[in-house]
Amino acid sequence: MIELKGIGKVFPARRSSEAVRALENVNLKIGAGEIFGVIGRSGAGKSTLLRLVNGLESPTEGSVQVDGREISRLSEAELRAERQKIGMIFQHFNLLWSRTVWQNVAFPLEVAGKSKADIRKKVDYLLERVGLSERADAYPAQLSGGQKQRVGIARALANDPKVLLCDEATSALDPETTSSILQLLKEINEEMGITLLLITHEMDVVQEICHRMAVMEEGQVIETGEVEQLFHHPTHPLTRQFVHQVERAPAESPSGVRITCSSQSFPQVWGILQTAKNNGVTVNMLGGEVSEEDQITFVLDGAQEEMDRVLHSLEEYRLQGEVKSRV
Amino acid sequence: MFNEVDWNAVWQATGETIYMVGISTFFTALFGIPLGILLVVTDRGQIWENTWLQKVAAVIVNFFRAVPFIVLVLFLFPVAEFLVGTSLGPTAATIPLIAGAAPFYARIVETALREVDKGVVEAALAMGTTRFRVVTKVLLPEATPALVSGLTVTCVTLISFSAMAGVVGGGGLGDAAYRFGFQSFNDGMLYVCGLLLVVMVQLIQWIGDTLSRRLDKR
């Protein structure tokens, strides 16, 4: 369904920056109906790779084919038509906040020139499918992260695409919401036979839904294969690191401190925890206790003075809703 | 003090001010919005990148913004005469008002449109939206609250500009305050006209704020 051959991409130098070689000799072949994951650290080139598929970026060299059509050779109008058949969801959802949930899902159908009646039928169906019928008249600002991504998914599916591109689609979500979104993507893949190409830096995402995967580093694909196989026999050191990431899942330490905060104060708490992290404190988000609505729990472990500093900063900011306790 | 106020003259002047500000606000939006869009979409990395055109537009905008308003009025006497047949009266005064305020509003529009999340534009393009519709269906609707509050600021500026334009023959409250108040030693007239201008500004600010808040769904 998607075929990348000998792809190279260089971002030319500009006054403030030197030329960047984002991709180098990338070859990938993704079959119809497959869920394919590309994993890599930020800056590895996976985001550029994803944008080649729907022509948001064009390759400096090599060929990108989707369903047998060479993307870079399409005229502007042909490319627009092709893009309607390639859905895309984003890390930060990218919904129009001036439109309701319903109107957001209707957007791609309006763009495709569908009739009012067709739009109504399709949007109602899609919202039903992603479980958001009741929030149809809400604005994105009134939704939780998981709900926003569901709107994003419904929107991406509006024109019955054959390919769905997922750009770090769960990276802004907590673990529990992530699983429910991944579950939804998996169901959609099975029901509609749609091909999924997703990029992520989280190994558990790949492990949970992907059939095959590729590991990227510095613009190159360093390893490709079945997820199972790479998981058990990673050959490249980076792949091993990603696998390790999953195995070291949240472990609770008896000497640690547990912090519970509301999602509202999360940004500030997260800031404080980042500082602590840099000072050598281990910070784990407790998967089991994160709920979509509110409470997010962290378990910290590290030197006594660092822990005290964290608790002190939390107090200083008078963060509302957070409960702290020594484990 | 107020028994010396010529209320007929006051109401006529108020009408003239509303007329001048109304017309010039309308045309300011009419010219300012497309100009603001042009400044954004032709910029580097934007949907209609054309840095040459962008620079030309920016220079023109800066020129009109740099010239002091009162100089602009004098500058544009011949233009007003050509367009409306006279360089006197409220209609003629709208010409420099528009010339002064449209570039100002264009900059506000530019800022408002740049605030629109780039990710949303990318999402729209990824859905196969034409660039024209990215402007009409994404940029403008997403920026509407900022466009409205910007127009409010511009409208308030226009009220004070119109008072200035009045002095050089445009009529309106500024003219009335100057001629019938200041020059005729009629303090009541001076204060009444000044007060009406203040009331007008307050009213417009209130309407603009309310509208902008209603439209903001963030």
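- By the naming in an unreviewed UniProt entry, chain B goes by D-methionine transport system permease protein and is assigned to Melghirimyces thermohalophilus.
- Under the UniProt heading Subcellular location (unreviewed entry), the entry covering chain B gives this text: "Cell membrane".
- Regarding chain B, the UniProt comment filed under Sequence similarities (unreviewed entry) reads as follows: "Belongs to the binding-protein-dependent transport system permease family. CysTW subfamily."

- If you look chain A up in an unreviewed UniProt entry, it shows as D-methionine transport system ATP-binding protein from Melghirimyces thermohalophilus.

Brief notes about the side chain of E142(B)
Stage number 1. On the secondary structure map, E142(B) appears in helix α7 (residues 131-170).
Stage number 2. One buried charge, E142(B), has no salt-bridge partner; the nearest side chain with opposite charge is R99(A), at 6.6 Å.
Stage number 3. When sequence neighbours within four positions are dropped, the list of residues in contact with E142(B) reads L95(A), L96(A), W97(A), S98(A) and V116(B).

Observations concerning the packing of helix α5 (residues 145-157) of chain A against helix α6 (residues 175-192) of chain A
Residues and elements named next belong to chain A.
Stage number 1. At a minimum axis distance of 10 Å, the contact between α5 and α6 shows a crossing angle of 20°. In terms of axis orientation, α5 runs roughly parallel to α6. Crossing of α5 over α6 shows right-handed handedness. For the pair formed by α5 and α6, the contact residues are G146, Q149, R150, I153 and L157 on the first element and T177, S180, I181, L184, L185, I188 and M192 on the second.
Stage number 2. Within the contact of α5 with α6, the residues separate by chemical class into seven nonpolar, four polar and one charged.

What about the sheet that holds strand β3 (residues 35-40) of chain A?
Residue and element names in this part refer to chain A.
Stage number 1. One open sheet holds the six strands; their spatial order is β6-β7-β8-β3-β9-β10, and the pairing between them is mixed. In this open sheet, the two strands that pair with only one neighbour each are β6 (86-90) and β10 (220-226). The average undirected angle you get between the axes of adjacent strands in this sheet is 15°.
Stage number 2. Across the sheet, α5 is in contact with β6 and β7 (163-167); its angle to β6 comes to roughly 170°.

Overview of the environment of Q205(B)
Residue and element names in this part refer to chain B.
Stage number 1. Within the element layout of this structure, Q205 appears in helix α9 (residues 187-215).
Stage number 2. For Q205, a relative accessible area of 29% corresponds to the partly exposed category.
Stage number 3. Between the C-alpha atoms of Q205 and S149, which are 56 residues apart in sequence, the distance is 8.6 Å.
Stage number 4. Ignoring sequence-local partners within four residues, the contact set of Q205 consists of T152 and V156.

Brief notes about the packing of α7(B) against helix α8 (residues 173-182) of chain B
Residues and elements named next belong to chain B.
Stage number 1. Here α7 crosses α8 at 50°, and the two axes come no closer than 6 Å. What the angle tells us is that α7 and α8 run oblique. The crossing of α7 and α8 is right-handed. In contact with A163, G166 and V167 of α7, α8 contributes G174, D175 and Y178.
Stage number 2. Considering only residue class, the contact of α7 with α8 consists of three nonpolar, two polar and one charged.

Rules of the game
Every chain is numbered independently, its residues counted from 1 as its sequence is written. Think of it this way: whatever chain is written first is A, whatever ligand is written first is 1, and the rest follow in order. With pLDDT at 70 or above as the cut-off, local features in this predicted model cover only qualifying residues; side-chain atom pairs require 80 or more to be listed or tallied, and sums for whole chains, interfaces and linings still use all residues. Note that water and hydrogens are dropped before the side-chain values are worked out from all heavy atoms of the structure. UniProt positions are given in the numbering used here, feature names are shortened, and annotations may be inferred rather than shown by experiment. Secondary structure is summarised from DSSP: a helix means a run of H or I of at least four residues, a strand means a run of E of at least two, and numbering begins at the N terminus for each. A simple rule labels every residue: compare its accessible area, found with a 1.4 Å probe on the protein chains alone, to the largest value its type can have, and call it buried under 20%, exposed over 50%, or partly exposed in between. Neither His nor the chain ends is counted toward charge; the positive residues are Lys and Arg and the negative residues Asp and Glu. Salt bridges are counted wherever a side-chain nitrogen of Lys or Arg sits within 4 Å of a carboxyl oxygen of Asp or Glu. Note on contacts: a residue pair is in contact if any heavy atoms of the two residues lie within 4.5 Å. Every angle, taken between N-to-C directions, lies between 0 and 180 degrees, and every axis is a line fitted to C-alpha atoms, over only the stretch in contact when it is a helix. Note on angle classes: values under 35 degrees are labelled roughly parallel, values over 145 roughly antiparallel, values of 65 to 115 roughly perpendicular, and the remainder oblique. Throughout, a crossing is termed right-handed when the near helix is turned clockwise from the far one, and left-handed when it is turned anticlockwise from it by less than a right angle. Residue polarity follows a fixed list, in which Ala, Val, Leu, Ile, Met, Phe, Trp, Tyr, Cys and Pro are nonpolar, Asp, Glu, Lys and Arg are charged, and the others, Gly among them, are polar. When DSSP finds at least two bridges between two strands, those strands are taken to pair.

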